[in-house]
Amino acid sequence: MTWSLLVHALEQGLVFSIMALGVFITFQILNFPDLTVDGSFPLGAAISAKIIFAGGDPFIAVIWAMFGGVLAGGLTAFFHTRLKFTNLLSGILTMTLLYSVNLRIMGKSNIPLLGKVTILEVIQSWFPQLSSDQLTPVLFLFVVFSVKFLLDYFLGTEIGMAIRATGDNEQMIRSLGVDTSGTKIIGLCLSNGLVALSGSLFAQYSGFADVGMGIGTIVSGLASVIIGRSLIRNRGSINWMTVSVIIGSIIYRTTVMVALRYGYRLGFQPGDLKLISVLLVVISLTFPSFRGKIKTIILNNGSNGVENE
Amino acid sequence: MLKLINIHKCFAKGTSHETNALRGIKININEGDFLTVIGSNGAGKSTLLNIIAGTILPDKGRVRINGQDVTNKEEHFRARFIGRVFQDPLMGTAPSMTIEENLALSIKRFGRGLNLGLNKLNREYFRNKLAQLELGLEDMITKKVSLLSGGQRQALTVLMATMFDPKILLLDEHTASLDPEISKKIQSITQDIVQEKRLTTIMVTHNMQEALRYGNRTIMMDRGRIILDVSGAERENITIDYLLKQFSKLRKEDYIEDELVLV
Ligand SMILES: Nc1ncnc2c1ncn2[C@@H]1O[C@H](COP(=O)(O)OP(=O)(O)O)[C@@H](O)[C@H]1O
Ligand SMILES: [Mg+2]
């Protein structure tokens, strides 16, 4: 395993962890399985690529990307809270519609950003003494942890706590005076805003936006959340949970990259990426029991090798 | 204070499961009243509380609280007037949040903003409130509510329901699913708080003794109607035997009605 592979995995893990935090907000906090993500991630990429390709300010591009994500989340919330569609259908509708929207925004299926001025280039120019291999991970760490701390703070505010309670016991929080349509709208907007931010950063980092780049986003986001949760188990304060999502994302990306790099020995091809991600989700979902089994096998080997439980 | 005008509620209308849960409920409850509600299973007691709280809307009739018509107001709006404890201890608290976070959720009933939900001041306040319950909850304030027993959760719910002095407190058989011992404890906590804050209260109970011991007015419901409404001197003279007789009389009438239908 090479050093540069690990650095790349770290960078990607960090960029995607912002998306995973978005998935964490809907799936874990709000208890709302939101599939909008597969559309709002490329939406963030498309909006910022369009602006940057035209020579616009990359920071402004990021802000517009987030705004687009917020709107996408708002649309899903509208389908669910006003039109009373199920949460799954609401997300699927927005996700599908965003495919066309993204194509329209980009005007073609792929926008290359090589040689364009992205935020990475701009920030690099502020620190000429650092190489991009040093600067990029530090920059991403800074962005990710800023997002994390803001999110932690928000989830501790009166509104943030009402959002958490909405996912935990909706009847109860309504009887305490919270309009749960409102908390769902806020949660979905925030979540997809973060996902689009992640998409925007990923496009600038990888040097392109592609209309198909969103496929499977939700699966990798879920994988990160689940891997992270199996790490911290029940130590469930919000601070810990968000850290675990970030670490989960880094572990997930590292695993995927290693599998892609060395997986050919097991017969994997680059096109198997999505297959690998689903495998990872399935394995990590069964991980706690997996670990339990290993433990009983080890313990029983010491005595007579027969499983008791 | 609370006025229900000719409330009708029918579930699953037009199907074979059609249930007339409430059939023309009229009642006027004064400020400071403590109403106890009895009635057999399916009489419509919980539906009545749901109509008051806005969890469900009536087919017909009006609900007024404090002179304001709230018939079409949503549940979260009415929450500024109403505190509620459910029969199921799981329903009144957020399990994956801590005790102090649950209490923090109950301070404000509207106008939540971007202030931190928990701070030094309200933590101290919660600790004192919990200590008064004498259940040891004050020492586990940062523990998740899912770790608590049913009785502890119900005590917490009572505290949360009354934190923001509600105009009306709704109790729906809130001690029915608990062991006798802890049930007594929760009941005494409830009565203390109701008296201290002089809350207008509606308490549904299946326990006739409780129905007569607590409060100043008792109603009996049957098949969506109020069939007995006693208070004052009249109520003083009522015995559990009398209530039981009323019940058996009802069952006999049922029988006759059914027979007539069959003929
Ligand atoms: N959401 C509902 N859907 C259909 N039927 C209901 C619903 N809620 C209550 N009912 C029916 O209405 C009647 C009154 O129920 P309820 O108010 O819960 O009675 P109680 O609390 O007095 O035991 C019952 O026959 C019950 O089955
Ligand atoms: Mg009931």
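These numbers come from a predicted model, not from an experiment. (Residues numbered from 1 in each chain as written. Chains lettered and ligands numbered in written order. Predicted model: local features only at pLDDT ≥ 70, side-chain atom pairs only at ≥ 80, totals over all residues. Heavy atoms only, no water.)

Quick look at unusual backbone geometry
Residue and element names in this part refer to chain B. Test applied: Numbering of helices and strands starts at the N terminus; helices are DSSP runs of H or I of at least 4 residues and strands are runs of E of at least 2. For the exposure calls, accessible area comes from a 1.4 Å probe over protein chains only, and a residue counts as buried if that area is under 20% of its type's maximum, exposed if over 50%, partly exposed in between.
In this structure, Asn66 takes a positive phi of about 55° despite not being glycine. Its place among the elements puts Asn66 in the loop between β4 (60-65) and β5 (68-69). In this structure Asn66 comes out as partly exposed when scored by relative accessible area, which is 42%. Positive phi is not limited to glycine here, since Arg223 has a value of about 40°. Here Arg223 shows up in the loop between β9 (217-222) and β10 (225-231).

A few points about the packing of aromatic side chains
All names here are of chain A. Spelled out, the test is: In summary, the pairing rule links any two rings of Phe, Tyr or Trp, Trp by its six-membered ring, whose centres are within 6.5 Å, and it sorts them by plane angle into stacked for under 30 degrees, edge-to-face for over 60 and tilted for everything else.
Within the structure shown, the criterion is met by 12 aromatic pairs over all chains. For the pair Trp64 and Phe67, a centre-to-centre distance of 5.7 Å together with 80° between the ring planes defines the contact as edge-to-face. Of this pair, Trp64 and Phe67 both sit in helix α3 (residues 58-81), 3 residues apart, which is roughly one turn of the helix. Trp64 gets classed as partly exposed once you look at its relative accessible area, which sits at 46%.

Here we look at the interface of chain B and chain A
How we decide: Throughout, a residue-residue contact means that at least one pair of heavy atoms, one from each residue, lies within 4.5 Å. When two parts are put together, the accessible area they lose, computed with a 1.4 Å probe and summed over both, is reported as buried area. What counts as a salt bridge is simple: a side-chain nitrogen of Lys or Arg found within 4 Å of a carboxyl oxygen of Asp or Glu. Charged residues are taken to be Asp, Glu, Lys and Arg, nonpolar residues to be Ala, Val, Leu, Ile, Met, Phe, Trp, Tyr, Cys and Pro, and polar residues to be all remaining types, Gly included.
The interface is formed by 32 residues belonging to chain B together with 23 residues belonging to chain A. Taken together, the two surfaces of chain B and chain A that pack against each other cover about 2,300 Å², and 59% of this comes from carbon and sulfur. Residue Arg174 of chain A pairs with Glu75 of chain B through a salt bridge whose shortest N-O separation is 3.2 Å. For the side of chain B that touches chain A, the secondary structure elements donating two or more residues are α2 (75-78), β6 (82-85) and α3 (99-105) of chain B. The element that contributes the greatest number of residues to the side of chain B that touches chain A is α3 of chain B, accounting for 4 residues. Considered class by class, the residues forming the side of chain B that touches chain A number 14 nonpolar, 11 polar and 7 charged.

A word on the site of ligand 1
Residues and elements named next belong to chain B. Note the following rule: Residues are labelled near a given molecule or strand when at least one of their non-hydrogen atoms is within 4 Å of it. The definition of a polar contact used here is a pair of N or O atoms within 3.5 Å, where within protein one atom must be able to donate a hydrogen and the other to accept one, and adjacent residues in sequence count solely through side-chain atom pairs. Each accessible area is a Shrake-Rupley estimate made with a 1.4 Å probe; only the visible protein chains count as cover when residues are assessed.
Residues in contact with ligand 1, as listed here, are Phe11, Thr19, Ala21, Ser40, Asn41, Gly42, Ala43, Gly44, Lys45, Ser46 and Thr47. Taking Ala43, its main chain carries an N or O atom lying 3.2 Å from an oxygen atom of ligand 1. Thr47 is positioned such that a nitrogen or oxygen atom in its side chain is 2.5 Å from an oxygen atom of ligand 1. Look at ligand 1: alone it shows 560 Å² of surface, and the protein chains cover 59% of it. Within the residue set of the shell around ligand 1, elements represented by two or more residues are β2 (19-29) and α1 (45-53). When the residues that make up the shell around ligand 1 are grouped by side-chain class, the tally is 3 nonpolar, 7 polar and 1 charged.

Some points on the packing of helix α1 (residues 3-29) of chain A against helix α6 (residues 132-156) of chain A
All names here are of chain A. The following threshold applies: Axis geometry follows a simple rule: fit a line to the C-alpha atoms, using only the stretch in contact for helices, then measure angles between N-to-C directions, giving values from 0 to 180 degrees. Should an angle fall under 35 degrees it is taken as roughly parallel, and over 145 as roughly antiparallel, whereas 65 to 115 is taken as roughly perpendicular and any remaining angle as oblique. Should the near helix be turned anticlockwise from the far one by less than a right angle, the crossing is termed left-handed; should it be turned clockwise, right-handed.
At their nearest, the axes of α1 and α6 sit 8 Å apart, and the two run at 15° to each other. Looking at the two axes, α1 sits roughly parallel to α6. As α1 runs across α6, the sense of the crossing is left-handed. Between α1 and α6, the contacting residues are Val7, Leu10, Glu11, Leu14, Val15, Ser17, Ile18, Leu21, Ile25 and Ile29 on the first element and Asp133, Thr136, Pro137, Phe140, Leu141, Val143, Val144, Val147, Leu151 and Leu155 on the second.

Shape is all these values report; function is a separate question.
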